[in-house]
Amino acid sequence: HLARNDGVPLVVKFCQTAAGSSLSHALDCFARLLDHGLVTWEASPPGFMEVVVSHVSHSNINVLRSALALVERLACHPKYGYEVVNQHINFGKLVEQIDTNSDLGIQLNAVNLLNSLVMYAPPEHQNELMEKTLGTGFRKALMGLVRKAGGVNPELAHQLYLFQALTLNLAQPRFEERFAESNAAHAAALHDLFTCAFRRESMQSQNKNSGGGGGQHGATESVGGHTVSQAHLVKLGFARGVSVDEQMAPGGMLAVDCMNY
């Protein structure tokens, strides 16, 4: 009825200029019009999408809840989701809403928005968005939700499961990437792992050597052009005398990434 009576321009105007409960209702109304196919993002006036995204940082709880739900719909758009939301949303502020806000609707809509943004982004940008999201403390905020008293409701649990699935799907190529000693990047990653795992032991060995104490680690092997102690190989779960390439089949380079982490 609203659309048939030329009410859409009024809703659009309120989404840009209203405040408080009027703004919240206008955002909800535009979301319903979208769901029924009565409006499209393509037909919105210039700058409208950017204004809608800016409401995600609003201080009013009702406006924030409505804005998150509407921007999630924008994030699902194959073009504007990445082009507009990714460029204009404040990821740190969004994660802060999850971490510090006790309103379940806001928490749910915020997690849903981040999931949709990654899911509907162009494939070549999905890893970039996931790293951007995790770099803002998103994982810590999620752990806070999981550990809170009373547990997690089914809707939020589904969004958490979806985030886990997205993370694992994006890690799949790394899982399937077989380790090869001849690959310089692979060899460097493994060398970093040994350096990190045995840094303290190496420093103690150097001190012993400078003091005339020897500090030998016994037999060594060459792995990716680096000489590695067999004792260190065993400590990290590798077998003596067997090519590292052959032992790295399950998990591929993802295993090295996880051990480094």
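Residues numbered from 1 in each chain as written. Predicted model: local features only at pLDDT ≥ 70, side-chain atom pairs only at ≥ 80, totals over all residues. Heavy atoms only, no water.

1. A short note on the overall build of the chain
Across its full length, the chain carries 15 helices and 2 strands. Counting over 261 residues, the chain shows a buried share of 38%. For the chain, contacts bridging at least 24 residues in sequence account for 64% of all contacts bridging at least 6. Of the roughly 14,100 Å² of accessible surface on the chain, a fraction of 53% belongs to carbon and sulfur atoms. (Helix = DSSP H or I, 4+ residues; strand = E, 2+ residues; numbered from the N terminus. Buried < 20%, exposed > 50% of the residue type's maximum accessible area, 1.4 Å probe, protein only. Contact = heavy atoms within 4.5 Å. Areas by Shrake-Rupley, 256 points an atom, 1.4 Å probe, with all protein chains shown as cover.)

2. A few points about the pattern of salt bridges
Following the criterion strictly, the structure yields 6 salt bridges and no others. Salt-bridge contacts for Glu177 lead to Arg174; the nearest nitrogen and oxygen are separated by 3.2 Å. Among the ionic contacts, a cluster of salt bridges with common partners joins Arg174, Glu177 and Asp257. (Salt bridge = Lys/Arg side-chain N within 4 Å of Asp/Glu carboxyl O.)

3. Quick look at the side chain of Asn109
One can find Asn109 in helix H7 (residues 104-119). Look at Asn109 and you get buried, because its relative accessible area is 16%. Beyond its immediate chain neighbours, meaning those up to four positions away, Asn109 contacts Arg65, Leu68 and Ala69.

4. Some remarks on the environment of Val228
In this structure, Val228 sits in strand S2 (residues 226-229). A residue is classified by how much of its surface remains accessible, and Val228, at 8% relative accessible area, is buried. In the structure, Val228 is positioned 34 residues away from Phe194 in sequence and 8.1 Å away in space, judged by C-alpha atoms.

5. Re the confidence of the model for the chain
For the chain, mean pLDDT is 82; residues scoring 70 or higher make up 82% of the total. Per-element mean pLDDT across the chain ranges from 58 in helix H12 (residues 199-210) up to 94 in helix H4 (residues 61-75). (pLDDT = per-residue confidence, 0-100.)

6. A look at the packing of aromatic side chains
Going through the model one piece at a time under the given rule, you end up with 5 aromatic pairs. Judged by centre distance (6.3 Å) and plane angle (35 degrees), the ring pair of Trp41 and Phe48 falls under tilted. Across the pair, exposure class does not vary: Trp41 and Phe48 are buried alike. Through successive ring pairs, a cluster of aromatic residues spans Phe30, Trp41 and Phe48. (Phe/Tyr/Trp six-rings, centres within 6.5 Å; stacked < 30°, edge-to-face > 60°.)

7. Looking at the packing of H4 against H7
Between H4 and H7, whose axes approach to 9 Å, the crossing angle comes to 20 degrees. Relative to H7, the element H4 is oriented roughly parallel. Of the two elements, H4 crosses H7, and the hand of that crossing is left-handed. Between H4 and H7, the residues in contact are Ile61, Leu64, Arg65, Leu68, Ala69, Val71, Glu72 and Ala75 and Gly105, Ile106, Asn109, Ala110, Asn112, Leu113, Ser116 and Leu117, respectively. For the contact of H4 with H7, the residue count by class is 10 nonpolar, 4 polar and 2 charged. (Axes fitted to C-alpha atoms, helices over the stretch in contact; angles between N-to-C directions. Parallel < 35°, antiparallel > 145°, perpendicular 65-115°, else oblique. Left-handed = near helix turned anticlockwise from the far one by under 90°. Nonpolar A, V, L, I, M, F, W, Y, C, P; charged D, E, K, R; others polar.)

8. What about helix H1 (residues 8-17)?
Of the positions making up H1, those classed as buried are Val8, Val11, Val12 and Cys15. Mapping the buried residues of H1 onto a view down its axis gives an arc of 100 degrees, with all of them on the same face. In this structure, H1 carries Pro9 and Thr17 as exposed residues pointing more than 90 degrees from its buried face. Buried positions along H1 lie against helix H2 (20-35) and helix H3 (48-54). (Arc of directions from axis to C-beta.)

9. Digging into the nonpolar core
Residues Phe30 and Trp41 are the most contacted members of the largest nonpolar core, which totals 56 residues. Non-local contacts of Phe30, meaning those with residues more than four positions away in its chain, are made with Val11, Val12, Cys15, Val39, Trp41, Phe48 and Leu70. If you look at the next biggest cluster of nonpolar residues, it comprises 11 residues, including Phe179, Leu190, Val228 and Val256. (Core = buried A, V, L, I, M, F, W, Y, C linked by side-chain atoms within 4.5 Å.)

10. Section: the side chain of Ser66
On the secondary structure map, Ser66 appears in helix H4. A residue is classified by how much of its surface remains accessible, and Ser66, at 7% relative accessible area, is buried. Setting aside anything within four residues of it in sequence, one finds Ser66 in contact with Ser24, Leu27 and Asp28.

11. Quick word on the packing of H7 against helix H10 (residues 154-176)
With their axes 10 Å apart at the nearest point, H7 and H10 run at an angle of 25 degrees to one another. Regarding the angle of H7 to H10, the classification is roughly parallel. The way H7 lies across H10 gives a crossing that is left-handed. Residues Leu104, Leu108, Val111, Asn112, Asn115, Val118 and Met119 of H7 touch H10, and the partners they reach there are Glu155, Leu156, Gln159, Leu162, Phe163, Leu166 and Leu170. Considering only residue class, the contact of H7 with H10 consists of 10 nonpolar, 3 polar and 1 charged.

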